[in-house]
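Chain by chain, the residues run as shown.
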Amino acid sequence: MKKSLLTAALSTLALGVVFAVPVQAADVSACLITKTDTNPFFVKMKEGATAKATELGVTLKAYAGKVDGDSESQVAAIETCIADGAKGILLTASDTKGIVPAVQKARDAGLLVIALDTPLEPIDSADMTFATDNLLAGELIGKWAAATLGDAAKDARIAFLNLTPSQPSVDVLRNQGFMKGFGIDVVDINKIGDETDPRIVGHDITNGNEEGGRTAMENLLQKDPSINVVHTINEPAAAGAYEALKAVGKEGDVLIVSVDGGCPGVKNVAEGVIGATSQQYPLLMASLGIEAIKKFADSGEKPAATEGKNFFDTGVALVTDKPAAGVESIDTKAGLDKCWG
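So, a few notes on the structure that sits alongside this text.

Cut-off values and rules
- Residues numbered from 1 in each chain as written.
- Predicted model: local features only at pLDDT ≥ 70, side-chain atom pairs only at ≥ 80, totals over all residues.
- Heavy atoms only, no water.
- Salt bridge = Lys/Arg side-chain N within 4 Å of Asp/Glu carboxyl O.
- 1 Å grid on protein atoms, 1.4 Å probe; cavity = no way out; pocket = protein on both sides within 12 Å on 5 of 7 lines; lining within 4 Å.
- Points joined across faces, edges and corners; volume = space filled by probe spheres on them.
- Helix = DSSP H or I, 4+ residues; strand = E, 2+ residues; numbered from the N terminus.
- Nonpolar A, V, L, I, M, F, W, Y, C, P; charged D, E, K, R; others polar.
- Buried < 20%, exposed > 50% of the residue type's maximum accessible area, 1.4 Å probe, protein only.
- Disulfide = S-S within 2.5 Å.
- Expected span 1.5 Å × (residues − 1).
- Contact = heavy atoms within 4.5 Å.

**Observations regarding the pattern of salt bridges**
- Considering all chains together, one arrives at 17 salt bridges under this definition.
- One network of salt bridges, in which partners are shared, links K52, E55 and E291.

**Structural notes on the layout of surface pockets**
- Within this model, the largest pocket holds a volume of roughly 360 Å³.
- The wall of the largest pocket is formed by 21 residues, among which N39, P40, G208, N209 and P236 lie closest to the centre.
- Taken together, the elements giving at least two residues each to the lining of the largest pocket come down to α2 (40-56), α8 (235-247) and α9 (263-270).
- Broken down by class, the residue content of the lining of the largest pocket amounts to seven nonpolar, nine polar and five charged.

**Examining unusual backbone geometry**
- In this structure, P122 follows E121 across a cis peptide bond, with omega equal to 0 degrees.
- You can see P122 is positioned in the loop between β4 (112-116) and β5 (128-131).
- Residues other than glycine seldom take positive phi values, yet D117 does so here, at roughly 70 degrees.
- Tracing the sequence through the fold places D117 in the loop between β4 and β5.
- Given the relative accessible area of 3%, D117 is considered buried.
- Residues other than glycine seldom take positive phi values, yet Q167 does so here, at roughly 50 degrees.
- The topology assignment puts Q167 in the loop between β6 (158-162) and α6 (169-182).

**Topic: the state of the cysteines**
- Considering all chains together, one arrives at two disulfides under this definition.
- Here C263 is linked by a disulfide to C339, with a sulfur-sulfur distance of 2.0 Å. Here the disulfide of C263 and C339 is right-handed, its torsion about the S-S bond being about 90 degrees. Residue C263 is located in helix α9, and its partner C339 is located in the segment after α11 (332-338); the two are separated by 76 residues in the primary sequence. Neither C263 nor C339 differs from the other in exposure class; each is buried.

**Focus: helix α3 (residues 71-83)**
- End to end, α3 covers 19 Å across 13 residues, agreeing with the expected 18 Å (1.5 Å per residue, within 8%).
- Turning to α3, its buried residues number three or more, namely S71, S73, Q74, A77, I78, C81 and I82.
- The elements touched by buried residues of α3 are β1 (29-34), β2 (59-64), β3 (88-91) and α4 (100-108).
- Looking one or two residues beyond α3, the residue adopting positive phi is G85, at roughly 75 degrees.

See the structure below:
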């Protein structure tokens, strides 16, 4: 009888061991919340997160705003993730300040929140940020534009095609980085539009898409047809700006610079539509984010920042076929090997 009970107990224990790992794996769920589900950057981010979640046995649910700037949908997604018992959230925030209370609610509920690409304000509102060094990305294209113009840079007429009126951190960082790289005095590095440099024609918003880029470029050309340098928040906006310039026969007279490094954007660099772009790596951001959520679920360990920075730097490279002295870059062949979208 004792032997039978012992055998039964060992059998039960064995069953517990057999089922422990699958039950734990099934418990690990994560959410990806992007600004839109149409921008190639976020499409690639979703691909990276999905592939890594499948590899690690993490259940992934993806959400997105209706358009870039739709913070309400993102807040609702965070609420859903909390209610669903997710272990972590990967977030590219449209409103980097306004979404902070929702993020804090998630963290208070025990979720790991990682900002992807776009730091929250303040940056420590998330447990960690996995991103391009967006200030450096802007600085690289600013340096390239100034070096390409040479002495003519002192008389440049510059248009800034930004993201949204709320000035999310990614917009501010790229914008201010460009100014630093070009040699424009930055008044408040955390704010767009307070500079007094006479070379700045003006700022307009694009919502990060081609139609917005076209309209913004048209608006600024009406203000000053002599614009010869255009900084764009991303490559879809750059493509729209080019179409507006082409419509008035100025496409050959203006340097367009951008940030993203998607395959369509790199091809536009190769074709002369964009002069140079700073390439970032969304698939890497998202896959590393899923790894971090899985590790947190298993051990409680949170990710650490890159040494000397307050975020985890996922890298950036300037892509151009017209290298400028003193500005490190790769050509479009190398850029196409690393591109996305």
